[in-house]
Amino acid sequence: MSQEQGHENPQLISYNLLRQLIGLLGIILPILLIVGAFYYGNCEIVQSSISDYYHTKMRNILVGVLCAVAFFMFTYKGYDIRDSIAGNLACVFALGVAFFPTGVDTLSECAEQCIVYEPWIKAVHFTFAGLFFGVLIYFSLFLFTESKTPKAELEAHKRKRNVIFKTCGYVMIACVAFIALYFFYLQEKFPELQYLNPVFWLESIALWAFGISWITKGELIFSDKHKKEEQQ
C-alpha cells in the first residue's frame, strides 16, 4: 500500500468536518436555548419561537450560533458553483435572521427587555428565515443527492444517504408549511394552540432535519470509509 493510498484527501476531510460542524450547530441550537435559558436565565417556559430567545439571556448564544453557521456556509464551496452560490446565500440569510430580530409586545418573565421594533424589521426577519430554510431545503433535495456515478451503480451507503437527504428536505418543507398555516389561519382560529408553542417546535424539527442532513453529507453516518478500507 503506497503512502498516497494510505492517506485520505485532506481537502475531503476538511469539507466533511465542515459539513458535520454545520449540522451539529443546527441540531444543538434549540437544546442550547432551552437548557441555557433554564439554568442561566431562570426561564422555565419554552419561548413561542426560537427567535424569541433573542430577548432572553440566551441572546448571545442565538446570535453567535447563527453567525457561526453563516461563516461556515460562506467558506463552504462544495463541488460546483451551485454549492458556492447556495452557501453564500445561506450565509446572508442567516445573518439577516440574526441582525433583524423579531420584537416582543409584552415583557415576559424570561425576557430581559421589551423591544417593539418597526413592523418592517419583523417582516425582514421572517423573510430571511423563510429564505434561509429555502436554501437548506435546496441543499438537501437537489445538491446533496447528486452524484457523478450512474444511479444504477450508486454505492449502497450513498443510496441510504440520499433517502436521508430527501426525508430531511421534505420534513423541512412540511415544517415551513405548517408554520405558515399557523400564522395565517390556525393562530386566529385556534388561539389555545399558542400554549403548545407550535412555532418553536416546528422550527426545532426543521433545524434537526437540517442538521441530520448535513452530518449525513459529512459522512458522520453511512460513511464510505469501509469501501476505501477494502480497496487498500
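Residues numbered from 1 in each chain as written. Predicted model: local features only at pLDDT ≥ 70, side-chain atom pairs only at ≥ 80, totals over all residues. Heavy atoms only, no water.

Asks: Please explain helix α3 (residues 81–99) as it appears in this structure.
Replies: Every α-helix carries 3.6 residues per turn, so stepping three or four residues along brings you back to the same face. Helix length check: α3, at 19 residues, gives a terminal C-alpha distance of 27 Å against a target of 27 Å (1.5 Å per residue), a fit within 8%. Those residues of α3 that fall on the buried side of the exposure criterion are D83, S84, A86, G87, A90, C91, F93, A94, G96, V97 and A98. Contact partners of the buried residues in α3: α2 (59–75) and α4 (119–143). Between a side-chain oxygen at the N-terminus of α3 and the backbone nitrogen of R82 the separation is 2.9 Å; the capping residue is D80. (Helix = DSSP H or I, 4+ residues; strand = E, 2+ residues; numbered from the N terminus. Expected span 1.5 Å × (residues − 1). Buried < 20%, exposed > 50% of the residue type's maximum accessible area, 1.4 Å probe, protein only. Contact = heavy atoms within 4.5 Å. Polar contact = N/O pair within 3.5 Å; in protein donor to acceptor, adjacent residues only side chain to side chain.)

Asks: Sorry if this is basic, but what is going on with the packing of aromatic side chains here?
Replies: Each aromatic ring pair is described using two quantities: the centre-to-centre distance and the angle formed by the ring planes. Applying the stated criterion across every chain, the model contains 20 aromatic pairs. Both rings, one in F144 and one in F165, keep their centres 5.3 Å apart while their planes meet at 55 degrees; by these two values the pair is tilted. Of the two residues, F144 is situated in the loop between α4 and α5 (156–189) and F165 in helix α5; the sequence distance between them amounts to 21 residues. Classification of F165 by relative accessible area gives buried; the value is 0%. By way of ring pairs, the aromatic residues Y15, Y76, F132, F133, F139, F144, F165, F210 and W214 are connected into one cluster. Just above the ring of Y54 sits the side chain of R59; from NZ or CZ to the centre is 5.4 Å. The ring of F74 has K77 lying over it, and the distance from NZ or CZ to the ring centre is 5.3 Å. (Phe/Tyr/Trp six-rings, centres within 6.5 Å; stacked < 30°, edge-to-face > 60°. Lys NZ or Arg CZ within 6 Å of the ring centre and 35° of its normal.)

Asks: Could you clarify how one ought to interpret helix α6 (residues 198–217) in this entry?
Replies: Here α6 contains 20 residues, and its C-alpha end-to-end distance of 29 Å stays within 8% of the 28 Å for a straight helix at 1.5 Å per residue. Within α6, 15 of the 20 residues are buried, which leaves the element mostly enclosed by the surrounding structure. Looking one or two residues past α6, E219 carries a phi angle of roughly 60 degrees, positive in sign.

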